[in-house]
Amino acid sequence: MYGTLLNMKYNLNRVITLKKAKQVWSATRPPAMAEAEAEWELCKENIQPLRRGRAISTLTEALSLQQEGSSAITQRTQQAFESELRIYEGDDPLDVWDRYIKWTEQTFPQGGKESNFSVLLERAVMKFTEEKKYYNDVRYVDLWIKFADSCSEPLDIYRYMHAQGIGLMLSAFYIAWSEEYEKRGNFRNADTTLQDGLKCGAEPRDRLKQFHKALQARVTRHVMLGMGQESDDDTMEMEEPNRKTLAELKALGKKKAVAPISRGSSIVNTQPRGLQMKAPMAPVRNSRLMVFDENKGLAESQEPKLESWMGPPSARHKENEQKPDKWTKAKLPQKTRAGLPVVMPAPAKPSFQPFVEECEHTPAVTPCKINPAVNCVLSARKPHREETPLKRLQDWKEQQQQQQAGGSQAPGTNGKPREQSMYCKELLFSGASEFCFEELRAERYRQKHAQRLVASGSGQSAAAGTSAAGTSAASESFCAGQSSSGPSQ
Amino acid sequence: MLDNAVNWVEKGDKDFSDFRLTDVRRFHGPCRLYGITFYISNTAHPTMSLFGTTAGFGTGGTSVFGSATTDTHNPMKDVEVTSPPDDSISCLAFSPPTLPGNFLIGGSWANDVRCWEVQDNGQTVPKAQQMHTGPVLDVCWSDDGSKVFTASCDKTAKMWDLNSNQAMQIAQHEGPIKSIHWIKAPNYSCIMTGSWDKTLKFWDTRSPNPMMSLQMPERSYCADVVYPMAVVATAERGLIVYQLENQPSEFRRIDSPLKHQHRCVAIFKDKQNKPTGFALGSIEGRVAIHYINPPNPAKDNFTFKCHRSNGTNTATPQDIYAVNAIAFHPVHGTLATVGSDGRFSFWDKDARTKLKTSELLDQPITACCFNNNGNIFAYSSSYDWSKGHEYYNPQKKNYIFLRNAAEELKPRNKKW
């Protein structure tokens, strides 16, 4: 309770000081600039925050573009990036993806479907899962962190990365991971993660140390303030809810990050808002660092084990997207074509270990009141119900393995003749949107043409001039040939 | 014959003065007798079995032109068009019935558009050509046969007046123009251009500004027009039907009957010669027949697989190829499809059967079309870029073949 009031006051203070600051700030700036800055203030809520922050100039530009509706430039740049993705032949394909994603981030402040941001991120992340050389590349790990942020279960992603060895030498990885734990209130793991990073010798070391110190400071502060307030998600559910006058902002799903999300030093504000008059709890519950929570304990102790992950776990559930499914009923001309779900046959001998989540779905550890013998309360997720990136990557990896073993298999077919597409699928579909053969070819033509112009324009304009004259002379000869036969009608 | 340039990039500058006009003739010159049935004089042209063995053909030059060939560039022993373009042929179009005789227009990735006269004895005579500053993606004729419209990657479309052999620009887009069609309505005539800049524009050829510009959800990949219907297939499996009466407007957006990228589309007509539906080809060996207002959509609309290899053999994986073009026979209503596998096939959509499949050519077949009375089927053999640029061989010759289509495309049963 005391903590809540303190938080409210803190926030109020922040708002007031911000307002004052704005007034002072705008008073000192020339009016035009003040207006420009006020512009983005007006739609602040529509702008997704970035970890690294946004450049104000690009932000205002992007916002004004959107208002004016001049999306032609954006479209062209997007198309240019898509082409570059497919044409690039150098050693560092990650560079193109990296630039494309960064540009998308800056140009589409609201995110949204037209930016294809999540699609791009997912593709980029998956494309290089085999490239060990990128595993400790800052850009690649940054992509993974962004991807994790956009997923419904970032912890799974980080665990997967750890299992695969992605980012183990980069402190950004450990920092992001521990931040995620902190958000959940799991300080012990946050601490452990950072310590792991220090042990592994992640770079840059100073940053890691600094963050570790800051974390410890936050933890101690939280312990001091945390009298009577438990930020444990599970125990909150078990408390008898008093009648809440101001309902707290409770997030849906597992993420449970309560607004406002502040990435600053006061990251610890995960306590419920609202004028809850909770009687001071009889047992003074210290922070969870003290209490042995069997749920977390068992779960987390299994972490260090390197699971043979085949693919990163599910990203955000996508409702509106339709994956091209196999045409299972080719003979029946029926109308329900697009909606046929792919019936995933349970693999007879899975070549991978399906990931079993430790929390909640393992009945033995759930502190549930139901008879533990009855373990079908929360049934395992059926494989074909959700088309998640996890599934997709697992399928893809399975395919790859089978291809190496011999013979390729299209997903979803069972007993039907296997099929193999005889065109360059990867080239066509490598970006966020598809290309057709002609677009690929036109792009290559344009590149070569541009190179030729540069080469010829620099010192050989005379030669170009004569060749142009040559072609026009040739076409003239056709005309001469035609008209010489008589008056044309 | 023209030499192929060593480096295809140079072709744009190539001097075409050696493209000889062997038969200088005006386009409205002395008329051929229009009623004569057109026979392709192929010296060895017995009736071939469907998957014919080549026994019975002479070993010497079986095509009218060219030297004796033992390679598979022309396994069907069809007539080769003289002076084919130097690079992949993207589009073919025969002259309309208003023009006496048969004239074939072909656009290619060598930035040129060429015109041949196809004579009744089977000879092809190069007549003229025009250049763009970028690869030509589509061509079409005006309804009176005096003009040819060409669309190119250089974002422009040109009108080529065949009588004066002059070409002038009539359209401008922000991206390459993928399709161009002539619309002849009772109260207006215009050109329809579909482009990768996601717009569909209509041009009166006399004005530099479009009469109308319609926004599309995605880039236009292929289109077809049979007045009063136009259909455009876009990227991301979009499919839009437009009605052209009075003025063009969007009629309906259709959920794609296919699961893969759209590649080609062709409108077909009913017995009353009214457009009633279209055939849509995808990048994975499948064509969908879709009626606009069928009495029983579930039964009447269907798809069929095509351009696949190893049909019945389940041991080896089936190779699936893209359908590059579809054309309907103007008289019989049967259709022809050409694919990336290097074969063409004829189909009867009403009887839902395959009429014929050709032998395997050594290159993909990129374009096809019928002449105005359905006696000639033209198809082009060149690389369609289906496997990217690694498989591109600039040295490989490109061909256009002509085949007698009068008999082979007769429908199975007399439904038509």
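Counting starts from 1 at the beginning of each chain's written sequence and moves along it residue by residue. Working convention: letters from A go to chains and numbers from 1 go to ligands, in the order in which they are written. Local features in a predicted model are, by the rule used here, given only for residues with pLDDT of at least 70; side-chain atom pairs are given and counted only at 80 or more, and totals for whole chains, interfaces and linings are based on all residues. In computing side-chain properties, one takes all heavy atoms of the structure into account and sets aside hydrogens as well as water.

In the nomenclature of an unreviewed UniProt entry, chain B is known as Rae1 protein homolog of Alosa alosa. UniProt positions are given in the numbering used here, feature names are shortened, and annotations may be inferred rather than shown by experiment. What UniProt states about chain B under its Sequence similarities (unreviewed entry) heading is, verbatim, "Belongs to the WD repeat rae1 family."

For chain A, an unreviewed UniProt entry supplies the name BUB1 N-terminal domain-containing protein and the organism Alosa alosa.

Caption draft 1: Expanded view of the overall build of chain A. Regarding its fold elements, chain A presents 17 helices and one strand. Only protein chains enter the area calculation, which uses a 1.4 Å probe; residues under 20% of their type maximum are buried, those over 50% are exposed, and those in between are partly exposed. Across the 489 residues that make up chain A, the buried fraction comes to 38%. Any pair of residues with heavy atoms lying within 4.5 Å of one another is described as a contacting pair. Long-range pairs, those at least 24 residues apart, make up 68% of the contacts in chain A between residues at least 6 apart in sequence. Accessible area for chain A stands at about 28,000 Å²; split by element, carbon and sulfur atoms hold 58% of it. Think of it this way: any DSSP run of H or I at least four residues long counts as a helix, any run of E at least two long counts as a strand, and we number them from the N terminus. Computed with the Shrake-Rupley method and a 1.4 Å probe, the accessible areas treat only the protein chains shown as cover for residues.

Caption draft 2: Inspection of the UniProt feature "repeat: WD" (unreviewed entry) in chain B at higher detail. As annotated by UniProt and renumbered to match this structure, "repeat: WD" (unreviewed entry) occupies residues 129-170, 170-213 and 323-357 of chain B. Strand forms 60% of residues 323-357 of chain B and helix 0%; the C-alpha atoms that close the span are 14 Å apart.

Caption draft 3: Region of the structure containing the pattern of salt bridges. Only one rule defines a salt bridge in this text: a Lys or Arg side-chain nitrogen within 4 Å of an Asp or Glu carboxyl oxygen. Inspection of every chain in the model, using the stated rule, returns 32 salt bridges over all chains. K183 of chain A is the partner of E180 of chain A in a salt bridge, and the nearest nitrogen-oxygen pair spans 3.5 Å. Remark: K183 of chain A and E180 of chain A occur in helix α9 (residues 171-184); sequence separation between them is three residues, near one turn of the helix. Judged by its relative accessible area of 15%, K183 of chain A falls in the buried class. Here R114 of chain B and D86 of chain B are joined by a salt bridge, their closest N and O atoms 3.9 Å apart. Residue R114 of chain B is found in strand β4 (residues 112-118), and its partner D86 of chain B is found in the loop between β1 (79-80) and β2 (89-94); the two are separated by 28 residues along the sequence. Here the salt bridges share partners, and the residues they tie into one network are E84, D92, D95, R99, D137 and R139 of chain A.

Caption draft 4: Local environment of the sheet that holds strand β16 (residues 238-243) of chain B. Residue and element names in this part refer to chain B. When DSSP finds at least two bridges between two strands, those strands are taken to pair. Taking strand neighbours across the sheet as the criterion, the four strands line up as β14-β15-β16-β17 in an open arrangement whose pairing is antiparallel. Across the chains shown, the open sheet's two edge strands, defined by having one partner strand only, are β14 (220-226) and β17 (249-253). Sheet twist, expressed as the mean angle between neighbouring strand axes with direction ignored, is 25 degrees. Relative to β17, β16 runs antiparallel, the two sharing four bridges. Note that in β17 the partner of V241 across the bridge is R252. To define axes, lines are fitted to C-alpha atoms, for helices over the stretch in contact only, and angles between the resulting N-to-C directions are given on a 0 to 180 degree scale.

Caption draft 5: Quick look at the pairing of strand β13 (residues 212-215) of chain B. All names here are of chain B. The side-chain alternation of β13 yields one buried face, formed by M212 and L214, and one unburied face, formed by S213 and Q215. As paired strands, strand β12 (residues 199-203) and β13 are joined by four bridges and run antiparallel to one another. Bridging across to β13, L200 finds its partner in L214.

Caption draft 6: Spatial organisation of the confidence of the model for chain A. All names here are of chain A. Within chain A, residue pLDDT values average 66, and 44% of them lie at 70 or more. pLDDT gives the predictor's per-residue confidence on a scale running from 0 to 100. Scored below 50 in pLDDT, residues 231-239 makes 18 contacts in the model with residues more than four places away or belonging to other chains. With pLDDT under 50 throughout, residues 334-347 is counted as low confidence; its partners more than four residues away or in other chains account for 21 contacts.

Caption draft 7: Structural context of the sheet that holds β13 of chain B. Residue and element names in this part refer to chain B. On the basis of which strands lie adjacent, the open sheet formed by four strands has the order β10-β11-β12-β13 and antiparallel pairing. The two strands at the open ends of the sheet, each matched to only one other strand, are β10 (177-184) and β13. Going from strand to strand, the sheet's axes swing by 15 degrees on average, the running direction of each strand aside. Looking at chain direction, β10 and strand β11 (residues 189-195) are connected through seven bridges and run antiparallel. If you follow S179 over to β11, its bridge partner there is G194.

Caption draft 8: Seen up close, helix α4 (residues 71-87) of chain A. Between the first and last residue of a helix there are one fewer steps than residues, each counted as 1.5 Å, and that sum is the expected span. In this model, α4 of chain A (17 residues) spans 24 Å end to end at C-alpha, consistent with the 24 Å of a helix rising 1.5 Å per residue. Residues of α4 of chain A that are buried include every one of T74, Q78, F81, E82, S83, L85, R86 and I87 of chain A, and no others.

Caption draft 9: Structural context of the nonpolar core. Among the buried residues, those of types Ala, Val, Leu, Ile, Met, Phe, Trp, Tyr and Cys that are joined through side-chain atoms within 4.5 Å form a nonpolar core. With 51 residues, the main nonpolar core has Y140, W144, Y158 and M161 of chain A as its most contacted residues. The next biggest cluster of nonpolar side chains, apart from the first, holds 18 residues, and it includes A327, A336, L355 and F377 of chain B.

Caption draft 10: Local environment of the environment of E407 of chain B. Residue and element names in this part refer to chain B. With respect to the helices, strands and loops of the structure, E407 is situated in the segment after β29 (399-404). We classify E407 as exposed; its relative accessible area is 55%. Sequence spacing of E407 and N375 is 32 residues, and the spatial spacing of their C-alpha atoms is 8.4 Å.

Caption draft 11: How the structure looks around unusual backbone geometry. Cis rather than trans, the peptide bond between E203 of chain A and P204 of chain A has omega equal to -10 degrees. Counting through the fold element by element, P204 of chain A comes out in the loop between α10 (187-200) and α11 (205-225). Cis geometry marks the peptide bond from Y227 of chain B to P228 of chain B; its omega dihedral reads 5 degrees. As for its position among the elements, P228 of chain B is in the loop between β14 and β15 (229-234). With phi around 55 degrees, K77 of chain B is a residue other than glycine that occupies positive phi space. Its place among the elements puts K77 of chain B in the segment before β1. A positive phi angle, near 55 degrees, is found at R352 of chain B, a position not held by glycine. Along the polypeptide, R352 of chain B turns up in the loop between β25 (344-348) and β26 (353-357). A relative accessible area of 42% places R352 of chain B in the partly exposed class.

Caption draft 12: Focus on the packing of aromatic side chains. All names here are of chain B. Pairing of aromatic side chains requires ring centres within 6.5 Å, counting the rings of Phe and Tyr and the six-membered ring of Trp. Pairs whose planes differ by under 30 degrees are stacked, by over 60 edge-to-face, and all others tilted. According to the stated counting rule, one finds 32 aromatic pairs over all chains in the structure shown. Where F268 meets Y291, the ring centres are 5.1 Å apart and the plane angle is 75 degrees; that geometry is what we call edge-to-face. Taken as a pair, F268 in strand β18 (residues 262-269) and Y291 in strand β20 (residues 286-291) lie far apart in primary sequence, 23 residues in all. Assigned by exposure class, F268 and Y291 land together as buried. With a centroid separation of 5.2 Å and an interplanar angle of 80 degrees, the aromatic rings of F346 and F377 are classed as edge-to-face. A residue pair is termed long-range when its members are at least 10 positions apart, and F346 in strand β25 and F377 in strand β28 (residues 376-381) qualify at 31 residues.

Caption draft 13: Spotlight on the packing of helix α7 (residues 138-149) of chain A against helix α8 (residues 154-164) of chain A. Residue and element names in this part refer to chain A. It is at 8 Å that the axes of α7 and α8 come closest, and there the two elements cross at 150 degrees. When the axis of α7 is compared with that of α8, the two are roughly antiparallel. Along this stretch, α7 crosses α8, giving a crossing that reads as right-handed. Contacts between α7 and α8 involve V141, W144, I145, F147, A148 and D149 from the first element and P154, I157, Y158, Y160 and M161 from the second. Throughout this description, any angle smaller than 35 degrees is read as roughly parallel, any larger than 145 degrees as roughly antiparallel, any in the 65 to 115 degree range as roughly perpendicular, and the remainder as oblique. For any pair of crossing helices, the crossing counts as left-handed if the nearer helix is rotated counterclockwise from the farther one by less than a right angle, and right-handed if it is rotated clockwise.

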